[in-house]
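# Residue-level structural notes
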Amino acid sequence: MINKNEYLKMTKYEVLSMFSVIKDFNWLNSHYSELQKIYPNMYVAVKDVKEFGKVYDEARKKGENFIMDYILSGDLFVLI
(Lines give C-alpha, C1' and ligand atoms only; values in the text may rest on other atoms or scores of the structure.)
Protein backbone atom coordinates (compact mmCIF):
# COMPACT_ATOMS: atom_id res chain seq x y z
CA MET A 1 0.00 0.00 0.00
CA ILE A 2 1.24 3.49 -0.78
CA ASN A 3 1.47 6.03 2.02
CA LYS A 4 0.49 9.69 1.84
CA ASN A 5 4.07 11.01 1.50
CA GLU A 6 4.86 8.65 -1.38
CA TYR A 7 1.60 9.60 -3.11
CA LEU A 8 2.37 13.31 -2.82
CA LYS A 9 5.78 12.78 -4.47
CA MET A 10 4.32 10.97 -7.49
CA THR A 11 4.14 12.68 -10.85
CA LYS A 12 0.84 13.07 -12.64
CA TYR A 13 1.87 10.30 -15.06
CA GLU A 14 2.67 7.92 -12.19
CA VAL A 15 -0.70 8.57 -10.54
CA LEU A 16 -2.61 8.03 -13.79
CA SER A 17 -0.59 4.91 -14.49
CA MET A 18 -1.38 3.54 -11.04
CA PHE A 19 -5.12 4.11 -11.53
CA SER A 20 -4.92 2.51 -14.98
CA VAL A 21 -3.40 -0.63 -13.45
CA ILE A 22 -6.14 -0.76 -10.81
CA LYS A 23 -8.79 -0.37 -13.50
CA ASP A 24 -7.22 -3.23 -15.51
CA PHE A 25 -7.03 -5.44 -12.41
CA ASN A 26 -10.72 -4.86 -11.68
CA TRP A 27 -11.62 -5.56 -15.31
CA LEU A 28 -9.67 -8.83 -15.25
CA ASN A 29 -11.44 -9.95 -12.08
CA SER A 30 -14.90 -9.05 -13.33
CA HIS A 31 -14.37 -10.83 -16.69
CA TYR A 32 -12.53 -13.88 -15.35
CA SER A 33 -15.30 -16.37 -16.15
CA GLU A 34 -15.44 -15.13 -19.75
CA LEU A 35 -11.68 -15.39 -20.05
CA GLN A 36 -11.83 -18.97 -18.72
CA LYS A 37 -13.95 -19.95 -21.72
CA ILE A 38 -11.65 -18.26 -24.24
CA TYR A 39 -8.19 -18.79 -22.71
CA PRO A 40 -8.30 -21.83 -20.39
CA ASN A 41 -4.92 -22.76 -18.90
CA MET A 42 -3.19 -19.82 -20.58
CA TYR A 43 -1.64 -16.55 -19.54
CA VAL A 44 -3.41 -13.38 -20.61
CA ALA A 45 -2.34 -9.77 -20.50
CA VAL A 46 -4.67 -6.81 -19.95
CA LYS A 47 -3.84 -3.19 -20.72
CA ASP A 48 -6.32 -0.31 -20.74
CA VAL A 49 -9.16 -2.80 -20.17
CA LYS A 50 -8.32 -4.66 -23.39
CA GLU A 51 -7.34 -8.29 -23.27
CA PHE A 52 -4.33 -9.40 -25.23
CA GLY A 53 -4.98 -13.10 -24.85
CA LYS A 54 -2.09 -15.33 -25.75
CA VAL A 55 0.38 -12.48 -26.25
CA TYR A 56 1.89 -12.82 -22.77
CA ASP A 57 5.42 -12.86 -24.21
CA GLU A 58 4.75 -9.74 -26.26
CA ALA A 59 3.41 -7.92 -23.20
CA ARG A 60 6.50 -8.88 -21.20
CA LYS A 61 8.79 -7.54 -23.95
CA LYS A 62 7.09 -4.15 -23.86
CA GLY A 63 7.47 -4.01 -20.09
CA GLU A 64 4.59 -1.61 -19.65
CA ASN A 65 2.00 -1.80 -16.88
CA PHE A 66 0.24 -4.85 -18.19
CA ILE A 67 -1.76 -6.93 -15.78
CA MET A 68 -0.88 -10.55 -16.47
CA ASP A 69 -2.62 -13.57 -15.01
CA TYR A 70 -2.84 -17.29 -15.55
CA ILE A 71 -6.40 -18.25 -16.40
CA LEU A 72 -7.37 -21.56 -14.84
CA SER A 73 -9.60 -23.84 -16.90
CA GLY A 74 -12.26 -24.03 -14.20
CA ASP A 75 -12.34 -27.83 -14.51
CA LEU A 76 -12.89 -29.60 -11.23
CA PHE A 77 -10.29 -32.11 -10.10
CA VAL A 78 -9.69 -34.11 -6.98
CA LEU A 79 -6.32 -34.61 -5.33
CA ILE A 80 -5.98 -38.06 -3.81
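This report concerns the structure included in the present document. Keep in mind that what you see is a predicted model, and the values were worked out from it rather than measured.

Looking only at helices and strands, the chain features 4 helices and 3 strands. Look at the contacts in the chain between residues 6 or more apart in sequence, and 47% of them connect residues 24 or more apart. Total accessible area computed for the chain in this model is approximately 6500 Å², and 57% of it derives from carbon and sulfur atoms.

Moving on to the nonpolar core. In this structure, W27, L28, L35, Y39, V44, V46, I67 and I71 together form the largest nonpolar core, which totals 8 residues. Secondary structure elements with two or more residues in this core: α2 (12-30), β1 (42-47) and β3 (67-71). Setting aside residues up to four positions removed in sequence, I71 forms contacts with L28, Y32, L35, Q36, Y39, P40, N41, M42 and V44.

Scanning the model with the defined rule gives 1 aromatic pair in all. Aromatic pair Y43 and Y70: ring centres 5.1 Å apart, planes at 65°, arrangement edge-to-face. Of this pair, Y43 sits in strand β1 while Y70 sits in strand β3, placing them 27 residues apart in sequence. Its relative accessible area of 40% is what places Y43 among the partly exposed residues.

Right, let's talk about unusual backbone geometry for a bit. You will see that N41, though not glycine, has its phi angle at about 55°, which is positive. Secondary-structure assignment places N41 in the loop between α3 (32-38) and β1. Note on N41: relative accessible area 44%, which makes it partly exposed.

This next bit is on the environment of L35. Within the element layout of this structure, L35 appears in helix α3. For L35, a relative accessible area of 1% translates into the label buried. Separated by 36 residues in the primary sequence, L35 and I71 have C-alpha atoms spaced 7.0 Å apart.

This next bit is on the environment of L28. The topology assignment puts L28 in helix α2. In the structure, L28 is positioned 16 residues away from V44 in sequence and 9.4 Å away in space, judged by C-alpha atoms.

Within the secondary structure, V21 sits in helix α2. Sequence separation of V21 and V49 is 28 residues, and the distance between their C-alpha atoms is 9.1 Å.

Parameters and conventions
- Counting starts from 1 at the beginning of each chain's written sequence and moves along it residue by residue.
- Residues qualify for local features only when their pLDDT is at least 70, as the model is predicted, and side-chain atom pairs are given and counted only at 80 or more; totals for whole chains, interfaces and linings, by contrast, use all residues.
- Hydrogens and water molecules were not included; the side-chain quantities draw on all heavy atoms of the structure.
- Put simply, DSSP marks the helices as runs of H or I at least four residues long and the strands as runs of E at least two long, and each gets a number from the N terminus on.
- Any two residues having at least one pair of non-hydrogen atoms within 4.5 Å are treated as being in contact.
- Note on areas: Shrake-Rupley with a 1.4 Å probe; residue coverage comes only from the protein chains shown.
- Here the nonpolar core consists of buried residues drawn from Ala, Val, Leu, Ile, Met, Phe, Trp, Tyr and Cys, with membership extended through side-chain atoms lying within 4.5 Å.
- For the exposure calls, accessible area comes from a 1.4 Å probe over protein chains only, and a residue counts as buried if that area is under 20% of its type's maximum, exposed if over 50%, partly exposed in between.
- Pairing of aromatic rings covers Phe, Tyr and the six-membered ring of Trp, with a centre-to-centre limit of 6.5 Å; geometry is then stacked below 30 degrees between planes, edge-to-face above 60, and tilted otherwise.

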